[in-house]
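Per-entry structural report
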Amino acid sequence: MYKLVIKGGIPLSGTIKSAGSKNSSLPILFASILADSPLTLKNTPYLSDVSTTLRLLMDMGAEFVLESDGSVCVDSSKLNNLSADYELVKTMRASILSLGPMLAKYGEAKISLPGGCAIGTRPVNLHLKALEELGATIMVKNGYIYAESDNLVGATIDFDQVSVTATENIVMAATLAKGTTIINNAAQEPEITDLINCLKLMGANISGTGTSTLTIEGVETLSGATYTVCPDRIEVGTYLVAAAITGGSITIKNCDPKDLRVVLDKLTDSGANIVTEGDTISLSMDGKRPTSVNIKTSAYPNFPTDMQAQFTALNAIADSSSTVTETIFENRFMHIPELLRMGADLTLEGNTVVCRGVKSLTGANLMATDLRASASLVLAGLAAKGTTTIDRVYHLDRGYETIEEKLKSLGAQIERVQD
Ligand code: UD1
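Cut-off values and rules
Residues numbered from 1 in each chain as written. Predicted model: local features only at pLDDT ≥ 70, side-chain atom pairs only at ≥ 80, totals over all residues. Heavy atoms only, no water. Pairing = 2+ DSSP bridges. Helix = DSSP H or I, 4+ residues; strand = E, 2+ residues; numbered from the N terminus. Contact = heavy atoms within 4.5 Å. Axes fitted to C-alpha atoms, helices over the stretch in contact; angles between N-to-C directions. Buried < 20%, exposed > 50% of the residue type's maximum accessible area, 1.4 Å probe, protein only. Polar contact = N/O pair within 3.5 Å; in protein donor to acceptor, adjacent residues only side chain to side chain. Phe/Tyr/Trp six-rings, centres within 6.5 Å; stacked < 30°, edge-to-face > 60°. Expected span 1.5 Å × (residues − 1). Parallel < 35°, antiparallel > 145°, perpendicular 65-115°, else oblique. Left-handed = near helix turned anticlockwise from the far one by under 90°. Nonpolar A, V, L, I, M, F, W, Y, C, P; charged D, E, K, R; others polar. Near = heavy atom within 4 Å.

Remarks on the sheet that holds strand β6 (residues 83-84)
Read across the open sheet, the four strands follow the order β6-β7-β9-β8; overall the sheet is mixed. Each edge of the open sheet is held by one strand with a lone partner, namely β6 and β8 (137-141). Each of β6, β7 (108-112) and β9 (144-148) is contacted by helix α4 (residues 99-106), which is oriented at about 160° to β7, the strand it contacts most.

Following this line, the structure appears as structure tokens:
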């Protein structure tokens, strides 16, 4: 097992380049199941969730090649095992994204139920109900979803709740369904737009991209394509908060500032000077202590739940008091007890954290619990006085490509050491 050792108190400075988006890469890799020829994906990040997705696809009978330029060429056109086993699914809930494509292309799928996770129960009822509305027969038995359909048929899907992966699953399934599917109350995250742009390149007929109503006209077949994954807005947001929390100044290249509008507004409110130019974002705190900002998470285009933990760390050392309210996941507060161990003054009241900013945190031995909670502990460690160690860094490797290398290049003192 590896841990990160961070000597805090150094303002970050320098320039880095963002990685490709994790939450785009995963659905797009699963979309390769729909194609009759190989799909080449450029700008795919080196992350354990991407490796898990490729392993799942390989177990199903797909083949892939990592090209010398870093792109991944996946041929999922001839699957011979239409199932996803618990051992892999339990490590990555996004495995549920194989359900829609397998059902649409092959008429059957057997997928382990993902189960709960550290941040909440995270059911898949919306995925299953919508697939049934497209004509699938679904049975849940012994922890597995068994789905089959002779032919999916387009329908109007009214989601009761906005869900990112449920929207993606149904969009993918509907591309090969007979007739028209209309999805109302669709999620509008930029990663869904990225998936749709790739599906269109593969031959899908989809309109309403980026809105809450999507219309998909089913087609007979889809082919492979070459597609470049969009930048990872959550990775970019995390490094911007890292700069803000340490009073530093950094520039990030290869981003899409428009996808980060709310996050950039909150950072500006916290006292950061932000300049965007083309695909570059620069943030400067000029050594200032950040000011607290109130946060309430909600579906895109509102404040992302995947940035909540990082802003809680920022508020922990910011000037004055604030509240952080989580409305998407009921238990996304695993970072709070760890931040308290560093001297933070935070109180959890229902789904709201009341943050009374302290002047500084002190280094401590911490346990990473889930992906974004772990990121917030790294940020707190970068700002804290003394040394912080973070155990179970495999959570971070799911979503942050070469995190310690990037932070080191910004001047941080951070090492990955083996226990
Ligand atoms: C995706 C992202 C994750 C992000 C989340 C919210 C990927 C791979 N993951 O997760 O990083 O934090 O969106 O932006 O893209 N729900 C149900 N029933 C369902 C599905 C969801 O009740 O069938 C609930 C969830 O428990 C949650 C809410 O809907 O309370 C939204 O979750 P959802 O958008 O589905 O999250 P994911 O797609 O799993």
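Looking at the side chain of serine 270
When you line up the elements, serine 270 lands in the loop between α9 (261-269) and β16 (273-277). Given a relative accessible area of 0%, serine 270 falls into the buried group. Reaching out from serine 270, the side chain makes a polar contact with the backbone oxygen of leucine 267 at a distance of 2.8 Å. Apart from residues no more than four positions distant in its own chain, serine 270 is found in contact with Met285, Pro290, Thr291, Val293 and Leu314.

Thoughts on the packing of aromatic side chains
All told, the structure shown has one aromatic pair when counted by the stated rule. Ring plane angle 90° and centroid distance 5.1 Å describe the contact between phenylalanine 303 and phenylalanine 311, whose orientation is recorded as edge-to-face. Neither phenylalanine 303 nor phenylalanine 311 differs from the other in exposure class; each is buried.

Describing helix α12 (residues 371-383)
Between its terminal C-alpha atoms α12 stretches 19 Å, which fits the 18 Å expected from 13 residues at 1.5 Å a residue. Burial of α12 is extensive: 13 of the 13 residues sit out of reach of the surface. Where α12 begins, the side chain of aspartate 370 points an oxygen toward the backbone nitrogen of arginine 372, at a separation of 3.3 Å.

A word on the packing of helix α1 (residues 22-31) against helix α7 (residues 190-201)
Relative orientation of the contacting elements α1 and α7 amounts to 30°, with a least axis distance of 9 Å. On the basis of the axis angle, α1 is roughly parallel to α7. Both α1 and α7 take part in a crossing whose hand is right-handed. Contact residues: α1 offers Asn23, Ser24, Pro27, Ile28 and Ala31, while α7 offers Glu191, Asp194, Leu195, Cys198 and Leu199. Looking at side-chain class alone, the contact of α1 with α7 contains six nonpolar, two polar and two charged residues.

Thoughts on the site of the ligand
In the neighbourhood of the ligand, 18 residues make up the surrounding shell, with Asn125, Ser163, Thr165, Asp306 and Ile328 lying closest. At 3.2 Å, a backbone N or O of proline 123 approaches an oxygen atom of the ligand. Leucine 126 places a polar main-chain atom, nitrogen or oxygen, 2.8 Å from an oxygen atom of the ligand. Looking at the shell around the ligand, the elements with two or more residues in it are α5 (125-133) and α6 (164-175). By residue number, the principal contributor to the shell around the ligand is α5, which donates three residues. For the shell around the ligand, the class distribution of residues is eight nonpolar, seven polar and three charged.

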